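So the chains spell out like this:
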Amino acid sequence: MNIAIHGIGFPKEFVPHIELLIASLKSHDIRIFFTESFSKSLKKNHLKIEGYEPLLPKSLIQEMDFVLSVGGDGTLLDTVCLVGEYEIPIVGINSGRLGFLATVAKENIDLAIEALIAGDFTIENRALVSVHTEKQIFNGVNFGLNEFTIHKRDTSSMITIHTYIDGQYLNSYWADGLIIATPTGSTGYSLSCGGPLITPGARNFVITPVSPHNLNVRPIIISDESEMSFRIEGRGEKFLVSLDSRSTTIDASDELRLKKADFSAKLVKFSSYSFFDTLRQKLNWGFDMRN
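Since the structure is predicted, the reported quantities are computational estimates derived from the model, not experimental observations. (Residues numbered from 1 in each chain as written. Predicted model: local features only at pLDDT ≥ 70, side-chain atom pairs only at ≥ 80, totals over all residues. Heavy atoms only, no water.)

### Concerning the sheet that holds strand 9 (residues 147-151)
Okay, step 1: Read from one edge of the open sheet, six strands run 14-13-12-9-16-17, paired in antiparallel fashion. Where the open sheet ends on each side, the last strands, each with one partner, are strand 14 (220-223) and strand 17 (246-251). Strand-to-strand twist across the sheet, computed as the mean angle between neighbouring axes with direction ignored, equals 20°.
Okay, step 2: Pairing of strand 9 with strand 16 (residues 238-243), which is carried by four bridges, proceeds in the antiparallel orientation. (Pairing = 2+ DSSP bridges. Helix = DSSP H or I, 4+ residues; strand = E, 2+ residues; numbered from the N terminus. Axes fitted to C-alpha atoms, helices over the stretch in contact; angles between N-to-C directions.)

Pasting the structure below:
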């Protein structure tokens, strides 16, 4: 079995858990690969690991059976970009608090590896949103797991985002921006702007305006089989767009088209995981200072 480990940084106190993870993998005679960024994180924490191979070239990722994402939800988003269309199952190991995506707590690393080897897990297929323009943006990595966002570039006046669904005019949003979130991303930026929560298996996208001028404009849920297109107007000539944590600028003349990607992110989930349990914990549902 081939397993790659990816990470973009972890706290010094997490070092013993890294050592436990490597020891657990080696005990099962697994061939271990490190990404370049994970190797740098090890060196930064003065942690010397033997018996691994560098994940070079990056195309070697297609030969992996699993990819372990070590960090938080942001690291897992980066791992999804690393895996891309190869759809290698991803295990999210959290180096901090419990996350929506990185769901394996550091105390359960050994149990998770045992369950992985035994095949005691399920795989959730998470939809990705992809963006298309006439010119290449985001260095060709044009997909994201959480959301695509159109935003005004600075503190200037609001922008107008003309929005179409399958070629039919929906609305012209006069706002600071617009978020198109997947079910996975519905618990992030979209939620903070008043968007609804969507369960991971739902086949929908949600369009959520950011600080709209008209208060009667509300988020709308659409089928993820729809294709969305956008045309932006404003006082400036350039606007900010982002895919998860990656941002770039576009011109007013650029027309954007969004749709569901042709491939998905495959997240490994173990029997102890429950989306609803995580939801209650992260959002403090039922929490009352009086009790």
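The discussion continues.
### Looking at the pattern of salt bridges
Okay, step 1: Scanning all chains against the criterion turns up 13 salt bridges.
Okay, step 2: Ionic pairing is found between Asp251 and Lys135, a salt bridge with its closest N-O pair at 3.4 Å. Here Lys135 lies in the loop between strand 7 (129-132) and strand 8 (143-144) and Asp251 lies in strand 17, a separation of 116 residues in the sequence.
Okay, step 3: For Lys135, a relative accessible area of 35% gives the class partly exposed. (Salt bridge = Lys/Arg side-chain N within 4 Å of Asp/Glu carboxyl O. Buried < 20%, exposed > 50% of the residue type's maximum accessible area, 1.4 Å probe, protein only.)

### A few points about the environment of His162
Okay, step 1: Mapped onto the secondary structure, His162 falls in strand 10 (residues 159-165).
Okay, step 2: Along the backbone, His162 and Phe33 are 129 residues apart, and their C-alpha atoms lie at a distance of 46 Å.
Okay, step 3: Filtering out sequence-adjacent residues up to four positions away, His162 remains in contact with Asn171, Ser172, Ser229, Phe230, Arg231 and Glu233.
Okay, step 4: In terms of polar contacts, His162 uses its side chain to reach the side chain of Ser172, at 2.6 Å. (Contact = heavy atoms within 4.5 Å. Polar contact = N/O pair within 3.5 Å; in protein donor to acceptor, adjacent residues only side chain to side chain.)

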